[in-house]
Amino acid sequence: MPAWLSQLNSVQRKESKFDSSRWLQLATIGIDNNPRVRTVVFRGWSKSYKMEI
């Protein structure tokens, strides 16, 4: 397990009592150069340490 993942998991355990701790904001720029912000739900980590949202 990468060092950053164990540190992140530690913080997640501390914050897990809040439902909102699973929500993330994902921001992109559209073709029209306007920002787009979406709320996504963090589902966990894959075996290859990719974020599942």
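Computed from a prediction, not measured in an experiment: that's the story for all the values here.

Q: Looking at this structure, I do not really get unusual backbone geometry. What am I missing?
A: The phi torsion of most residues other than glycine is negative, and most of the peptide bonds are trans. If you check the backbone angles, N33 has positive phi at about 65° while not being a glycine. Mapping N33 onto the fold places it in the loop between β1 (23–29) and β2 (35–41). Located in the positive-phi region is Y49, a residue other than glycine, with phi close to 65°. Relative to the helices and strands, Y49 is located in the loop between β3 (44–45) and β4 (51–52).

Q: How should the pattern of salt bridges be read in this particular structure?
A: Using the criterion set out here, one finds one salt bridge in the structure. For the salt bridge of R36 with D32, the shortest nitrogen-to-oxygen distance reads 3.2 Å.

Q: Please explain the pairing of β1 as it appears in this structure.
A: Residues in a regular strand point their side chains to alternate faces of the sheet. In terms of burial, β1 is largely open, as just zero of its seven residues are buried. Pairing between β1 and β2: seven bridges, direction antiparallel. Within β2, the residue paired with L26 across the bridge is R38. Counted between consecutive antiparallel strands, the loop separating β1 from β2 contains five residues, among which N33 sits at a positive phi close to 65°.

Q: Would you mind showing me how to read the packing of aromatic side chains here?
A: In this description, an aromatic ring pair is defined by two values, namely the gap between the centres and the angle between the planes. Evaluation of the coordinates by the stated rule reveals two aromatic pairs. A centroid spacing of 5.5 Å and a plane angle of 70° characterise the contact between W4 and W45, whose relative ring orientation is edge-to-face. In this pair, W4 sits in helix α1 (residues 3–15) while W45 sits in strand β3, placing the two residues 41 residues apart along the sequence. By relative accessible area, W4 is classed as partly exposed at 44%. Ring centres of F42 and W45 lie 5.5 Å apart, and the angle between their planes is 65°; this geometry places the pair in the edge-to-face category. Owing to a relative accessible area of 10%, F42 belongs among the buried residues under this scheme. Here W45 falls in the partly exposed class, since its relative accessible area comes to 22%.

How each quantity is defined
- The numbers attached to residues start from 1 for each chain and follow its sequence in the written order.
- Where totals are concerned, whole chains, interfaces and linings use all residues; where local detail is concerned, this predicted model gives features only for residues with pLDDT of at least 70, and gives and counts side-chain atom pairs only at 80 or more.
- Side-chain metrics rest on all non-hydrogen atoms present in the structure, leaving aside hydrogens and water.
- Each helix corresponds to a stretch of at least 4 residues labelled H or I by DSSP, and each strand to a stretch of at least 2 residues labelled E; elements are numbered beginning at the N terminus.
- Here, a salt bridge means any Lys or Arg side-chain nitrogen found within 4 Å of an Asp or Glu carboxyl oxygen.
- Exposure classes here rest on a 1.4 Å probe applied to the protein chains alone. A residue is buried below 20% of its type maximum, exposed above 50%, and partly exposed in between.
- In short, DSSP must find at least two bridges between two strands for them to pair.
- Here a Phe, Tyr or Trp ring, Trp counted by its six-membered ring, pairs with any other such ring whose centre lies within 6.5 Å, and the pair is stacked when the planes are under 30 degrees apart, edge-to-face when over 60, and tilted otherwise.

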